[in-house]
Amino acid sequence: MSQSVKALSANIKGDFASFNQTVIERRNLRPDDVAIDIKYCGICHSDVSMVQWQGAHFPMVPGHEISGIVSAVGRDVKNFQPGDRVGVGCFVNSCGQCAACKAGQEQFCENGVVVVFDSEDDDGTITQGGYSQSIVVKDHFVLHIPDELALEDAAPLLCAGITTYNPLKRFNVGKDSQVAIIGLGGLGHIAVQFAAKMGARVTVLGHSESKRGEAQQFGATDYQILKTPEDFQNLAGHFDFILNTVAADMNLDNYLPLVKTDGVFCYVGIPSNDIQFNLFSIFGNQAKVTASNVGGIQMTQEMLDFAAQNDIKPQIEIIGINDVEKAYQNILDSKVHYRYVIDMSTLK
């Protein structure tokens, strides 16, 4: 048995996607399920990437930054009840038994994590995401949204928020840490807020003077545009932690010497081309070069609570369901400032 709900699906049209309102099926409640009426869904760059991926299943309902209200719960659910404010992030199932799952790192499930859309679930169905009226999710993968967070603000935190919070926590950013954030976009403007509220001294490494004022508003103590060898030399050995939030190619041999001894250069923005650097760029400081995925469910809840307690929220533009195709193009053209959030009440 299943329930029919309205949704917005993507289909490939030439090199890009077209969107159409459609009807999809959601499963009836299992004993450990939570049914959610979706109020808002953020648009992430990875939504755009998945729609462009030729190996995806179409038609596809994207969306993995979901906030809404619980409408019903299965008989075994203890931690949620109808009326609760909740969110669903990047994944909706995992084996629960492997070492990664038991360590609260469900995103690395050894048997394959089930992401919220375009992923095969354990019953063989292909998951459909948050550009829809409602969703049914196993209770373990549902997050409580604190009352201090508006539902529309909470939505992007369920991907962009945890993507930036996780590495800052993993590498012990805290009081008096010297942190650099490369880029002040959809990820970067949230990363600055988290790092600043953790007590770090935050420098934004940007490319435009136009964002200097905004960087300060988000909590940055410095803003640097690095162009010449002298610009880089002035910051040599300055940072405990550098978080790269942009997907553009860069000359790592310029950036790695900015890290202190045993410091970290971490990617959350992943460029399409291979990353290359000279080992001598880290030979003098033993810098670590790494990448970070999203966090597990426990850390995602911690992130939401931290954001609520510290008045951290993304800068968003709320759009209607008919604006999604234009929003996708604006994301590709880097014209979004900083995150789009779909008001799902516009899906009629």
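Before reading further, recall that the structure is shown in the block above.
Residues numbered from 1 in each chain as written. Predicted model: local features only at pLDDT ≥ 70, side-chain atom pairs only at ≥ 80, totals over all residues. Heavy atoms only, no water.

Here's the deal with the packing of aromatic side chains
Thought 1: Considering all chains together, one arrives at ten aromatic pairs under this definition.
Thought 2: With a centroid separation of 5.7 Å and 55° between ring planes, the pair formed by Y165 and F306 is classed as tilted. Of the two residues, Y165 sits in helix 3 (residues 151–170) while F306 sits in helix 9 (residues 297–309), which places them 141 residues apart along the sequence. For the residue pair Y165 and F306, the accessibility class agrees, reading buried in each case.
Thought 3: Pairing F265 with Y267 gives two aromatic rings, centres 5.3 Å apart and planes at 65°, and the pair type is edge-to-face. Here F265 and Y267 have matching classes, each one buried.
Thought 4: Site record: aromatic cluster; members linked through ring pairs are Y165, F194 and F306. (Phe/Tyr/Trp six-rings, centres within 6.5 Å; stacked < 30°, edge-to-face > 60°. Helix = DSSP H or I, 4+ residues; strand = E, 2+ residues; numbered from the N terminus. Buried < 20%, exposed > 50% of the residue type's maximum accessible area, 1.4 Å probe, protein only.)

Overview of the pairing of strand 3 (residues 33–43)
Thought 1: For strand 3, a buried count of nine out of eleven residues is recorded, marking the element as mostly surrounded by other parts of the structure.
Thought 2: One ladder, built from five bridges, connects strand 3 with strand 8 (residues 134–138); its direction is antiparallel. When the sheet's bridge partners are listed, I36 is paired in strand 8 with I135.
Thought 3: By the bridge criterion, seven bridges tie strand 3 to strand 4 (residues 66–73) in an arrangement that is antiparallel. (Pairing = 2+ DSSP bridges.)

A closer look at the pattern of salt bridges
Thought 1: By the definition in use, this model includes nine salt bridges.
Thought 2: Between E65 and R339 there is a salt bridge, and its shortest N-O distance comes to 2.5 Å. In this pair, E65 sits in the loop between helix 1 (45–52) and strand 4 while R339 sits in strand 17 (residues 339–343), placing the two residues 274 residues apart along the sequence. By the burial criterion, E65 is buried, and R339 matches it.
Thought 3: Linking K169 and E302 is a salt bridge whose minimum nitrogen-to-oxygen distance equals 3.3 Å. Taken together, the residues span a long stretch of sequence, with K169 in helix 3 and E302 in helix 9 at a distance of 133 residues.
Thought 4: Of the residues examined, K169 reaches a relative accessible area of 37% and is grouped as partly exposed.
Thought 5: Taken together, the shared-partner salt bridges in this structure form one network comprising R27, D33 and D121. (Salt bridge = Lys/Arg side-chain N within 4 Å of Asp/Glu carboxyl O.)

Thoughts on the nonpolar core
Thought 1: Of all hydrophobic cores here, the largest spans 92 residues; its most connected members are I43, Y131, F194 and V324.
Thought 2: Counting residues in hydrophobic clusters, the runner-up holds 17 residues, among them F232, L235, F239 and L256. (Core = buried A, V, L, I, M, F, W, Y, C linked by side-chain atoms within 4.5 Å.)

Examining the sheet that holds strand 13 (residues 239–244)
Each strand in a sheet pairs with another by means of backbone hydrogen bonds, the pair being arranged parallel or else antiparallel.
Thought 1: Taking strand neighbours across the sheet as the criterion, the six strands line up as 12-11-10-13-14-15 in an open arrangement whose pairing is parallel. Bordering the open sheet on either side are strand 12 (222–225) and strand 15 (288–291), each of which pairs with just one other strand. Going from strand to strand, the sheet's axes swing by 20° on average, the running direction of each strand aside.
Thought 2: Across four bridges, the pairing between strand 14 (residues 259–267) and strand 15 is parallel. Each bridged residue has a counterpart across the sheet, and for Y267 the counterpart in strand 15 is A291. (Axes fitted to C-alpha atoms, helices over the stretch in contact; angles between N-to-C directions.)

Observations regarding helix 10 (residues 324–332)
Thought 1: Among the residues making up helix 10, those that are buried are V324, A327, Y328, N330 and I331. For helix 10, the arc enclosing every buried residue in end-on projection is 165°, short of the 170-degree limit, so these residues lie on one face.
Thought 2: Just beyond helix 10, the residue with positive phi is S334, at close to 55°. (Arc of directions from axis to C-beta.)

Some remarks on the packing of helix 1 against helix 10
Thought 1: As a packed pair, helix 1 and helix 10 sit with axes 10 Å apart at the nearest point and diverge in direction by 100°. The orientation of helix 1 relative to helix 10 falls into the category roughly perpendicular. Residues H45, D47, V48, V51 and Q52 of helix 1 form the contact with helix 10, whose own contacting residues are Y328, I331 and L332.
Thought 2: For the contact of helix 1 with helix 10, the residue count by class is five nonpolar, two polar and one charged. (Parallel < 35°, antiparallel > 145°, perpendicular 65-115°, else oblique. Contact = heavy atoms within 4.5 Å. Nonpolar A, V, L, I, M, F, W, Y, C, P; charged D, E, K, R; others polar.)

Side note on the packing of helix 3 against helix 4 (residues 188–197)
Thought 1: In the contact formed by helix 3 and helix 4, the axes pass within 9 Å of each other and the chain directions differ by 45°. The angle between the axes of helix 3 and helix 4 places the two elements in the oblique class. The chirality of how helix 3 crosses helix 4 is right-handed. Along the contact surface, helix 3 presents L157, A160, G161, T164, Y165 and L168, while helix 4 presents I190, A191, F194 and A195.
Thought 2: Split by residue class, the contact of helix 3 with helix 4 holds eight nonpolar, two polar and no charged. (Left-handed = near helix turned anticlockwise from the far one by under 90°.)

Describing the environment of P82
Thought 1: Along the chain, the position of P82 falls in the loop between strand 4 and strand 5 (85–88).
Thought 2: Those residues in contact with P82 that sit more than four places away from it in its chain are V70, S71, A72 and V73.

Things to note about helix 3
Thought 1: Taking 1.5 Å of rise per residue, 20 residues should cover 28 Å, and helix 3 covers 27 Å from first to last C-alpha, within 8% of that figure.
Thought 2: In helix 3, a bend of some 55° at L157 exceeds every other bend along the element.
Thought 3: The buried fraction of helix 3 is high, at 17 of 20 residues.
Thought 4: Two residues or fewer after helix 3 comes N172, characterised by a positive phi angle close to 60°. (Expected span 1.5 Å × (residues − 1). Bend = angle between axes of the 7 residues up to and from the residue.)

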